[in-house]
Protein chains: 2
Amino acid sequence: MQHLQNLLVPGFRAAAVEAAIKKPGRLDLALIVSEYPAAAAGVFTNNKVKAAPILLCQKRLRRGRAQAILVNSGNANACTGEAGLEAAVVTSRTISRLLGLSETLILPASTGVIGQPLPLDRMNSALPSLAAGLRPDGLPEVAQAIMTTDTFPKTSRVQAQINGSVVTIAGIAKGAGMIHPDMATMLVFLLTDAVVAPNTLKAALKQGLVTSFNRITVDGDTSTNDCVLVLANGIAGHSPIEQLQSPGGEILSTSLQTVMADLAAQVVRDGEGAAHVFKVIIEGAASAADAVKGARTVALSPLVKTAVAGNDANWGRIMAALGRAGIRLNPDRVDIFFGPHQVVRQGVATDAANEQAAHRLMADGSFDLRIHLNLGAYTDYYLTCDLTADYVHINADYRS
Amino acid sequence: MQHLQNLLVPGFRAAAVEAAIKKPGRLDLALIVSEYPAAAAGVFTNNKVKAAPILLCQKRLRRGRAQAILVNSGNANACTGEAGLEAAVVTSRTISRLLGLSETLILPASTGVIGQPLPLDRMNSALPSLAAGLRPDGLPEVAQAIMTTDTFPKTSRVQAQINGSVVTIAGIAKGAGMIHPDMATMLVFLLTDAVVAPNTLKAALKQGLVTSFNRITVDGDTSTNDCVLVLANGIAGHSPIEQLQSPGGEILSTSLQTVMADLAAQVVRDGEGAAHVFKVIIEGAASAADAVKGARTVALSPLVKTAVAGNDANWGRIMAALGRAGIRLNPDRVDIFFGPHQVVRQGVATDAANEQAAHRLMADGSFDLRIHLNLGAYTDYYLTCDLTADYVHINADYRS
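Residues numbered from 1 in each chain as written. Chains lettered and ligands numbered in written order. Predicted model: local features only at pLDDT ≥ 70, side-chain atom pairs only at ≥ 80, totals over all residues. Heavy atoms only, no water.

1. Examining the domain arrangement of chain A
Residue and element names in this part refer to chain A.
Right, on to step 1. Splitting chain A by domain gives domain 1 (2–269) and domain 2 (277–396).
Right, on to step 2. When each unit is reduced to the centre of its C-alpha atoms, the spacing between domain 1 and domain 2 is 33 Å.
Right, on to step 3. Each partner contributes residues to the interface: domain 1 has 14 residues there, and domain 2 has 14 residues.
Right, on to step 4. Buried surface at the junction of domain 1 and domain 2, summed over both partners, amounts to about 1,100 Å²; 65% is from carbon and sulfur atoms.
Right, on to step 5. For domain 1, the biggest contributors to the area lost against domain 2 are R215, T217 and V268; these three give 48% of the whole.
Right, on to step 6. Where domain 1 packs against domain 2, one counts 1 salt bridge.
Right, on to step 7. A salt bridge links D380 to R215; its shortest N-O distance comes to 2.8 Å.
Right, on to step 8. Linking domain 1 with domain 2 are 3 residue pairs in polar contact (both at pLDDT 80 or more).
Right, on to step 9. Elements with a minimum of two residues in the side of domain 1 that touches domain 2: β9 (216–217) and α6 (247–269).
Right, on to step 10. If one sorts the elements of the side of domain 1 that touches domain 2 by residue count, α6 sits on top with 3 residues.
Right, on to step 11. For the side of domain 1 that touches domain 2, the class distribution of residues is 5 nonpolar, 6 polar and 3 charged. (Domains from an automatic or database assignment. Contact = heavy atoms within 4.5 Å. Buried area = accessible area lost by both parts, 1.4 Å probe. Salt bridge = Lys/Arg side-chain N within 4 Å of Asp/Glu carboxyl O. Polar contact = N/O pair within 3.5 Å; in protein donor to acceptor, adjacent residues only side chain to side chain. Helix = DSSP H or I, 4+ residues; strand = E, 2+ residues; numbered from the N terminus. Nonpolar A, V, L, I, M, F, W, Y, C, P; charged D, E, K, R; others polar.)

What follows is the structure, encoded as structure tokens:
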């Protein structure tokens, strides 16, 4: 398995254009098309307020097949009522005619401001040039086009040997706010030429989520538009993967997981206003649920996140967050480490030198925060970023 | 019932001094003493990490009597192990000797940085002058001495006729971060000269909490040191209140509630970095639990709070927060109002003029955000403040 610079996946083409949905001069409408109808699966936001494209995708993915993804940024097409659903149908119908594909094989996606009508005229007039621009190396432009407050495009690609063939998996993602499980709270598109049954593809997707997009948080807010879509067009031509528990299934699953974890880490690194990335690791929890809950609570605490912004190894706030996490906890047993530096032993401070060392470590911008509860054998983690004044600036001024 | 400027309560004296626990020049050690042993009750943080003074208070309040509150700021005496507990015992013992009171009638309280040993020498040498300084009009200084990141002292006082006597209730509180129910997430001291049984006093306290300190949030973080203490010294001399469901009991309860709600509102107004105060009101919820959960989720959403900081009536983020609140919700039925301005009707935008009007309303700094779910008859609310860059600055630099 190797990481590659390019995002080429056999049998996929992609393109992006400016449709004036966002401010002029920015790509905001993009298309990914498979040469053949592909096995397809998706996982969607748990938010009860679901954007129109989410509702349409869920419906169209029931048969496990898709051939194209049509995505816009700058407008979420959420809370737009019947008109919003109609807009998602109309744009995918236009694309289906331009490309000669079945309308129901097109998966729509949107991201951006909630509650404003999709600028249908502008989108429709941009669709022909979008379709005409499809090319095998177009995926990096799509990664750019789906950016909202992202400061860099998120891309990843691996290759692996599956059942005797070289199989490619590429993925792109957009962050950077409303990042919290479950679900992924972002747009993620994964493409592969593997030959795999739709149900197995979905199982692999769900398995990969657990250790990637479901273990990251920026702000605890979840979006109306989250989706992770995966298309497998089968061009690699190896013997089909029918079961996840098979040599090929396991390699596919691992490869998919690698791409997703890579993208998830990029999303956190580009969290709105983030100046630090840190991994909150809970060890020695009394149950699996306690481990993940403890990690999530610490990773979400505004007081912990602002302390990290100030390179302050303020472990008292970590203790306070653990104390309200609703987990089994004996404060007198807790050990806390910033990287290798132990700042708390059995619930009380070690010595000031360790805290100073932690402070210097934090200044590097990336570190592990390891918390040992000493109650049991369970461990889990969350990857997150700090809470900075820039987060506030970005979100106070987002629409203005 | 009338609001008064002073904080005098018959039979109580108070004082505050500088003990160099905080930076020089700031009051940080304070004392409140009742002329007689008083009926006393307290409600304490639910955080599993409890500061030493909390543990001691809980023990000492078992018999429902107390005569003094000894409080310091600048140091939480939390996560300080056995030494911390010993420090709380020692300081209250010193005060008991200075005042000739029983040691077990002294309630300790602390607020400030977690995890650092209490500077026992400095406190002990300041205690004699603290005891010597007690005077009937000393309570405003105590309100100052318990401030941490607060920008103004929080005080409130009412008088009422109970069973033929004028009864006074005064209260002081400190905010301003780690503000979230349950519990109150702050220090609150309430004093009255009412004649009331300890159990009835506790019932009145708990009833008042529901509509005051348990309905406010600043940042969702809860503290290791939260406590609300109430002392009733009986000097008013009316016939004793034995039951909450009695004319006197109801007046006491209402008066206590008034003081607590007043203090709670002040805490939110002085929330760390707050530039806006707003009340999130859920109406038409399918259950009481849904109403409070919906209000809490919206009031805590970083994206809603940053939008408010920017005077942005960004109702899409409100919809997104409702959608992840875990409550029964039909997005197509939701109505949203900023003050009188309806920005959402049945899940979609009304017109831009309403949003502009909402924007102007928000610029005034205080408003009601009313959300009608149109699913049932239940209503509840949360009072909260916005999330500003100043919140981050205050908390990133707190210890440095």
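2. Some remarks on the packing of helix α1 (residues 52–60) of chain B against helix α2 (residues 81–99) of chain B
Residues and elements named next belong to chain B.
Right, on to step 1. Running from N to C, α1 and α2 point in directions that differ by 60°, and their axes come no closer than 8 Å. By the criterion of interaxial angle, the relationship of α1 to α2 is oblique. As α1 runs across α2, the sense of the crossing is right-handed. Only G84, L85, A88, V89 and S92 of α2 make contact with α1, whose side of the interface consists of A52, L55, L56 and R60. (Axes fitted to C-alpha atoms, helices over the stretch in contact; angles between N-to-C directions. Parallel < 35°, antiparallel > 145°, perpendicular 65-115°, else oblique. Left-handed = near helix turned anticlockwise from the far one by under 90°.)

3. Thoughts on the UniProt feature "binding site: substrate" (unreviewed entry) in chain A
Residues and elements named next belong to chain A.
Right, on to step 1. Listed under "binding site: substrate" (unreviewed entry) in the UniProt record, and renumbered for this structure, are T148, K174, T185, E272, N395 and S400.
Right, on to step 2. Secondary-structure assignment places E272 in the loop between α6 and β11 (277–285).
Right, on to step 3. At a separation of 2.6 Å, a polar atom in the side chain of E272 contacts the side chain of T149. (UniProt positions renumbered as here; feature names shortened; annotations may be inferred.)

4. Focus on the sheet that holds strand β12 (residues 335–338) of chain B
Residue and element names in this part refer to chain B.
Right, on to step 1. Sheet architecture is open: 7 strands sit in the order β9-β16-β11-β15-β12-β13-β14, paired in mixed fashion. A single partner strand is all that each edge strand has here, and the edge strands are β9 (216–217) and β14 (348–349).
Right, on to step 2. Where β12 meets strand β13 (residues 341–345), 3 bridges bridge the pair, whose relative direction is antiparallel. Bridging from a neighbouring strand, F338 pairs with H341 of β13.
Right, on to step 3. Sitting on the sheet, helix α6 (residues 247–269) touches β9, β11 (277–285) and β16 (378–385), and the angle it makes with β16 is about 50°. (Pairing = 2+ DSSP bridges.)

5. Points about the relation of the copies chain A and chain B
Right, on to step 1. With an RMSD of 0.0 Å, the fit of chain A onto chain B corresponds to turning through 180° and sliding 0.0 Å along the axis. The superposition of one copy onto the other is thereby described by a two-fold rotation axis. Residue A389 of chain A of chain A places its C-alpha closer to the rotation axis than any other residue of that unit, at 2.2 Å. (Least-squares fit on C-alpha atoms with pLDDT ≥ 70 in both.)

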